[in-house]
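# Residue-level structure breakdown
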Amino acid sequence: MSCCHHYFAPGQGGDDAFTIDGSTMTFGAGCLDEAGDQALSARMKRVALFTDRTVRELPPFNVVARSLERAGVDFAIYDETEVEPTDRSFQAAARFAQDGYFDGFVSVGGGSVIDTAKAANLYATYPAEFLTYINAPIGGGQPVPGPVKPHIACPTTSGTGSEATGIAIFDLLAMKAKTGIQSRRLRPTTALIDPNVTETLPATIVAASGFDALSHSLESLTAISYRRRAAAARPSSRPPSQGANPWSDAVAAEALRLIGRNLVRAVRDASDVEARTEMMYAATLGGIAFANAGCHLPHGMSYAVSGLVKDGTYFDGYPCEGPMIPHGMSVVLNAPSVYRFTACACPDRHLHGAECLGADVRGAAPEDAGEIVARRLIELMQATGIPNGLSAIGFGAGDVDALTEGAFPQKRVIGNAPRAVTKDDLASLFGGAMRYW
Ligand SMILES: [Fe+2]
């Protein structure tokens, strides 16, 4: 594991410093009931309460709404969030936020709801033409001008880690592309992470969101080192995706240990409170890790996969009007193929990740690292009912060119990989992700 510990070795040509980015978070069974008091303490008097139509009917939403009522906080509910948000649904949410003159935001839901609240908060605070703040080159890439309104995020799945990040992801309908807005200023002010929300989660959601958390952690651990990443022109604009660093490494490793021990149990048995609680905690750690290091190829490739979703693709537990692939699933289907390719750039980090996930790495040679990671991921995928590669969700060799064209422009994430990636490399990575067993 030698290079993992050479954090401060001089002369690697990159940035000499890294930034630790975080917000206040509360974790524990029942903590959603703190929402009212937290809103008062953030001086919120009139709140936009974001959720979706499914979550609105579930106990976590009621706990938050009752808590706000008891505290005397006035709120208006917005439940028209879409499961995979689009520019259309972001703009509808922004209009609601602009019209309501709110002084704070509370979001109760999965990543889609939390991301939608971030975007609505931004456009209500600093109105602008929609593409202004969207990541370049698709959008204008303009920085968020200043602080936004306080936002309390209450995640209801154990996966996205959106409560820990300043990223809001959506589908730009006209381009059939996933893109987003990224700024430290969009990170929720505080989060209430209550493992009680996992009691009613269907197994498909625990599996897909669990692999999302796994991927945030393993991609952070194997990202390019911050010491090899070109320094930002202004230190204050150092990107949140700054590469692997001592802080993200520690957090990611702990998340992977928890996921390696608990993912299969949490998927198979809804009554396993210990496993589902530890997955909830791991998901937040995964969010903290990638908010400080950045994801790379499995996420970059997933945006192309979900953009080209095949008609008739549906999964239990995800209410959606059109076909969709759960985000965590579209990520992990690429992962074994990716790690077989990236391992040679930093084999000790790959072995460390595999070991945290529960693989036996005793006596492993560096050249075996990619295969060891891939095999452990495939074991976990098989044990939790994940489809056998991209071919199992309708893709074939004839789709590789379109997938490659969709993923190649995702520079923000692909540039964070530990190895440089050409278009031909991407095509073979998609080819290698078609079938695993
Ligand atoms: Fe993700």
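Everything quoted here is computed from the prediction, not taken from an experiment.

We now examine the pattern of salt bridges. Evaluation of the coordinates by the stated rule reveals 20 salt bridges. Close ionic contact of Glu 82 with Arg 88 constitutes a salt bridge, the shortest N to O distance being 3.5 Å. Put simply, Glu 371 and Arg 340 hold a salt bridge, and the shortest N to O gap is 3.0 Å. Separated by 31 residues along the polypeptide, Glu 371 in helix α13 (residues 369-383) and Arg 340 in helix α11 (residues 335-342) bring together distant segments of the chain. Judged by its relative accessible area of 38%, Arg 340 falls in the partly exposed class. One continuous salt-bridge network, built from bridges that share partners, spans Asp 21, Arg 184 and Arg 187.

What follows is about the environment of Ala 223. Residue placement: Ala 223 occurs in the loop between α6 (203-222) and α7 (246-268). Setting aside chain neighbours within four positions, we find Ala 223 in contact with Ala 244, Gly 294, His 296, Asn 416 and Pro 418.

What follows deals with the sheet that holds strand β5 (residues 151-155). Overall, parallel pairing links the six strands, which are arranged β1-β8-β5-β4-β2-β3 in an open sheet. Of all strands in the sheet, those bounded by a partner on one side alone are β1 (24-27) and β3 (74-78). Strand-to-strand twist of the sheet, defined as the mean angle between neighbouring strand axes without regard to direction, takes the value 15°. Pairing of strand β2 (residues 46-50) with β3, which is carried by five bridges, proceeds in the parallel orientation. Note on β3: the bridge partner recorded for Ala 48 is Ala 76. Packing against the sheet, helix α4 (residues 87-100) makes contact with β2, β3 and β4 (104-109), and its axis sits at approximately 160° to β3. Contacts from helix α8 (residues 273-292) reach β1, β5 and β8 (190-193) within the one sheet, and its direction differs from that of β1 by about 170°.

Quick look at the coordination of the iron ion now. Donor atoms from the polypeptide that coordinate the iron ion comprise Asp 212 (OD), His 216 (NE2), His 299 (NE2) and His 327 (NE2), at 2.1 to 2.2 Å from the metal. The coordination sphere of the iron ion comprises four donor atoms, whose angles at the metal cover 83 to 168°; the geometry is irregular. Binding-site remark: the iron ion is held by donors from one chain whose sequence spacing is D-x3-H-x82-H-x27-H. In this pair, His 299 sits in helix α9 (residues 297-307) while His 327 sits in helix α10 (residues 327-332), placing the two residues 28 residues apart along the sequence. His 299 gets classed as buried once you look at its relative accessible area, which sits at 3%. In this structure His 327 comes out as partly exposed when scored by relative accessible area, which is 21%.

It is worth spelling out unusual backbone geometry at this point. Geometrically, the link from Ala 136 to Pro 137 is a cis peptide bond, its omega value of 5° lying close to zero. Within the secondary structure layout, Pro 137 lies in the loop between α5 (111-125) and β5. In this structure, Arg 43 is a non-glycine residue whose phi angle is positive, near 60°. Residue position: Arg 43 is located in the loop between α1 (35-41) and β2. Positive phi, normally seen in glycine, also occurs at Tyr 101, with a value near 50°. Position of Tyr 101 among the secondary structure elements: in the loop between α4 and β4.

So, about α8. With 20 residues, α8 should cover 28 Å at 1.5 Å per step; its first-to-last C-alpha distance of 29 Å lies within 8% of that length. With respect to burial, α8 is a largely interior element, 15 of its 20 residues being buried. With its phi angle positive at about 105°, Gly 294 sits one or two positions after the end of α8.

What follows covers the packing of α9 against α11. Remark: α9 packs on α11, axes separated minimally by 9 Å, with the N-to-C direction vectors making an angle of 140°. On the basis of the axis angle, α9 is oblique to α11. α11 is crossed by α9, and the crossing has right-handed handedness. Of the residues in α11, those touching α9 at Leu 297, Pro 298 and Met 301 are Ala 335, Val 338, Tyr 339, Phe 341 and Thr 342. For the contact of α9 with α11, the residue count by class is seven nonpolar, one polar and no charged.

A separate point is the packing of α6 against α13. Running from N to C, α6 and α13 point in directions that differ by 165°, and their axes come no closer than 12 Å. On the basis of the axis angle, α6 is roughly antiparallel to α13. The interaxial crossing formed by α6 with α13 has right-handed handedness. Along the contact surface, α6 presents Phe 211, Leu 214 and Leu 218, while α13 presents Val 373, Leu 377, Leu 380 and Met 381. In the contact of α6 with α13, the residues fall into seven nonpolar, no polar and no charged.

Rules used in this analysis
- Residues numbered from 1 in each chain as written.
- Predicted model: local features only at pLDDT ≥ 70, side-chain atom pairs only at ≥ 80, totals over all residues.
- Heavy atoms only, no water.
- Salt bridge = Lys/Arg side-chain N within 4 Å of Asp/Glu carboxyl O.
- Helix = DSSP H or I, 4+ residues; strand = E, 2+ residues; numbered from the N terminus.
- Buried < 20%, exposed > 50% of the residue type's maximum accessible area, 1.4 Å probe, protein only.
- Contact = heavy atoms within 4.5 Å.
- Pairing = 2+ DSSP bridges.
- Axes fitted to C-alpha atoms, helices over the stretch in contact; angles between N-to-C directions.
- Donors = N, O, S within 2.8 Å, 3.2 Å for Na, K, Ca; no water.
- Tetrahedral: all angles 85-135°; square planar, octahedral: opposite > 155°, others 65-115°.
- Expected span 1.5 Å × (residues − 1).
- Parallel < 35°, antiparallel > 145°, perpendicular 65-115°, else oblique.
- Left-handed = near helix turned anticlockwise from the far one by under 90°.
- Nonpolar A, V, L, I, M, F, W, Y, C, P; charged D, E, K, R; others polar.

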